[in-house]
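So you can see what is in the structure, the chains are spelled out below.
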Amino acid sequence: MKITREQVQHVARLARLSLSDDEVAMFTGQMADILAYVEKLNELNTDGIVPTSHAVPMENAFRDDVVRPSIGADAALANAPDRIDDFFRVPKVIE
């Protein structure tokens, strides 16, 4: 598939990119090469091949949610550089 400079400029506009003439020329060639490779892949017979989202089997790596008691305010604030009662004291950020 032949790609034109205008098509590259259109894609750049959609992506809000400002390309120089040299970049448009470079990307025109690169995009043409990419599309030629995709056309080559379209020649492969993929009948009977199940689509996959990962190359290797994936399993959930997360643990089950289990309700546990909290560590408590004193333990949570034990290393706080500055605290007031059961709260962290932080610098004022809004005037």
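As the structure is a computational prediction, the values presented were derived from the model and not from experiment.

S.K.: Please explain the overall build of the protein chain as it appears in this structure.
M.R.: Counting secondary structure elements, the protein chain contains three helices and two strands. The order of α-helices and β-strands along the protein chain, N terminus first, is α-α-α-β-β. Rg of the C-alpha trace for the protein chain: 28 Å, well past the compact-globule value of 12 Å for 95 residues, more than 25% over. The principal-axis extent of the C-alpha atoms belonging to the protein chain is close to 70 × 50 × 15 Å. Burial status across the protein chain gives 8% buried among its 95 residues. Long-range contacts, defined here as pairs at least 24 residues apart, represent 19% of the contacts in the protein chain between residues at least 6 apart. When the accessible surface of the protein chain is split by element, carbon and sulfur atoms take 57% of a total near 9,300 Å². Between the averaged position of the 10 positive side-chain charges in the protein chain and that of its 16 negative side-chain charges there is a distance of 5 Å.

S.K.: Looking at this model, I keep getting lost on the pattern of salt bridges. Mind explaining?
M.R.: Two side chains of opposite charge can pair, provided their charged atoms sit close to one another. If you walk through the whole model with that rule in mind, you get four salt bridges. Here Asp21 ties to Arg5 by a salt bridge, and the two come within 3.8 Å at their closest N and O atoms. Of this pair, Asp21 sits in helix α2 (residues 21–41) while Arg5 sits in helix α1 (residues 5–14); the two residues are 16 residues apart in sequence, bridging distant segments of the chain. With a closest N to O distance of 3.1 Å, Asp82 and Arg89 form a salt bridge.

S.K.: When you look at the side chain of Thr28 in this model, what are you seeing that I'm missing?
M.R.: Tracing the chain through its elements places Thr28 in helix α2. At a separation of 2.6 Å, a polar atom in the side chain of Thr28 contacts the main-chain carbonyl oxygen of Val24. If sequence neighbours within four positions are ignored, Thr28 has contacts with Ile3, Thr4, Arg5 and Val8.

S.K.: Would you take a moment to explain a nonpolar patch on the surface for this structure?
M.R.: On the surface, Tyr37, Leu41 and Leu44 cluster together into a nonpolar patch covering about 320 Å² of accessible area. Inspection of the secondary structure puts Tyr37 in helix α2.

Rules of the game
Counting starts from 1 at the beginning of each chain's written sequence and moves along it residue by residue. Thresholds applied to this predicted model are a pLDDT of at least 70 for local features of residues and 80 or more for the giving and counting of side-chain atom pairs; totals over whole chains, interfaces and linings are not thresholded and use all residues. Heavy atoms from the whole structure form the basis of all side-chain values; hydrogens and water molecules are not counted. By the criteria applied, helices consist of DSSP H or I runs no shorter than four residues and strands consist of E runs no shorter than two, each listed in order from the N terminus. Radius of gyration: C-alpha atoms only; globule rule: 2.2 Å multiplied by the number of residues to the exponent 0.38. Three exposure classes are used, based on accessible area relative to the maximum for each residue type with a 1.4 Å probe and protein chains only: buried under 20%, partly exposed in between, and exposed over 50%. By definition in these notes, contact holds between two residues if any of their heavy atoms fall within 4.5 Å. Surface exposure here means Shrake-Rupley accessible area, sampled with a 1.4 Å probe, where a residue is shielded only by the protein chains that are shown. Positive: Lys, Arg. Negative: Asp, Glu. His and the chain ends are not part of the count. Think of each charge as sitting on NZ of Lys, CZ of Arg, CG of Asp or CD of Glu. Definition used for salt bridges: Asp or Glu carboxyl oxygen within 4 Å of a side-chain nitrogen of Lys or Arg. Polar contact is the term for a pair of N or O atoms within 3.5 Å; when the atoms are in protein, one must be able to donate a hydrogen and the other to accept it, and sequence-neighboring residues count only if both atoms are side-chain atoms. Two distance rules govern patches: like charges are joined within 9 Å, and nonpolar side chains (Val, Leu, Ile, Met, Phe, Trp, Tyr) within 5 Å, applied only to residues with over 30% relative accessible area and no salt bridge.

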